[in-house]
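Structural description and commentary
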Amino acid sequence: MKREKRELSPWGKQCKVQMLVLGKTLEDLSQETQLSRTYISSIINGRTIVPAKTMKAISDALEVDMRLVQ
């Protein structure tokens, strides 16, 4: 069974870019935000909808503008 590929939101795209720019891994983010790696991945990839507070924690760790959240 094939999964349908979703397009990343502008926020998700910027998070991925910032991870590369800052040299941060999901493990690094996990330690900074106290969220699991898999949970962070599902949030960034748009598979999980979460409270704004959770997205802000990830945004702060990656220096991503919350205005990109749609």
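Quantities reported herein were computed from a predicted structural model and do not represent experimental measurements.

**With respect to the overall build of the protein chain**
The helix and strand inventory of the protein chain stands at four helices and zero strands. Seen in sequence order, the protein chain has helices and strands lined up from the N terminus as α-α-α-α. Here the protein chain has a C-alpha radius of gyration of 12 Å; the compact-globule value for 70 residues is 11 Å, and the two agree. When the backbone C-alpha atoms are referred to their principal axes, the protein chain occupies close to 35 × 25 × 25 Å. Taken over 70 residues, the protein chain has a buried fraction of 34%. At a minimum sequence separation of 6, the contacts of the protein chain that also span at least 24 residues come to 54%.

**Let's talk about the environment of M19**
Locating M19 in the fold gives a position in helix α1 (residues 10-22). Given the relative accessible area of 14%, M19 is considered buried. Remark: the alpha-carbon pair of M19 and A61, spanning 42 residues in sequence, is separated by 9.5 Å. Excluding residues within four positions of it along the chain, M19 makes contact with K24, T25, L26, L29, I44 and L62.

**Regarding the packing of helix α2 (residues 26-33) against helix α3 (residues 37-44)**
Orientation of α2 relative to α3, taken along the N-to-C sense of each, is 105 degrees, at an axis distance of 9 Å. With respect to α3, the element α2 is oriented roughly perpendicular. Within the contact between the two elements, α2 uses L26, E27, L29, S30 and T33 and α3 uses R37, I40, S41 and I44. When the residues that make up the contact of α2 with α3 are grouped by side-chain class, the tally is four nonpolar, three polar and two charged.

**Overview of the nonpolar core**
One finds W11, C15, L29, I44, I58 and L62 to be the most contacted residues of the largest nonpolar core, which totals 14 residues. Among the secondary structure elements, those contributing two or more residues to this core are α1, α3 and α4 (52-62). Considering every element that reaches this core, the biggest residue donor is α4, with four residues. Apart from the residues within four sequence positions on either side, I44 is in contact with L8, W11, G12, C15, K16, M19, L29 and I58.

Rules of the game
Residues numbered from 1 in each chain as written. Predicted model: local features only at pLDDT ≥ 70, side-chain atom pairs only at ≥ 80, totals over all residues. Heavy atoms only, no water. Helix = DSSP H or I, 4+ residues; strand = E, 2+ residues; numbered from the N terminus. Rg over C-alpha atoms; globule rule 2.2 N^0.38 Å. Buried < 20%, exposed > 50% of the residue type's maximum accessible area, 1.4 Å probe, protein only. Contact = heavy atoms within 4.5 Å. Axes fitted to C-alpha atoms, helices over the stretch in contact; angles between N-to-C directions. Parallel < 35°, antiparallel > 145°, perpendicular 65-115°, else oblique. Nonpolar A, V, L, I, M, F, W, Y, C, P; charged D, E, K, R; others polar. Core = buried A, V, L, I, M, F, W, Y, C linked by side-chain atoms within 4.5 Å.

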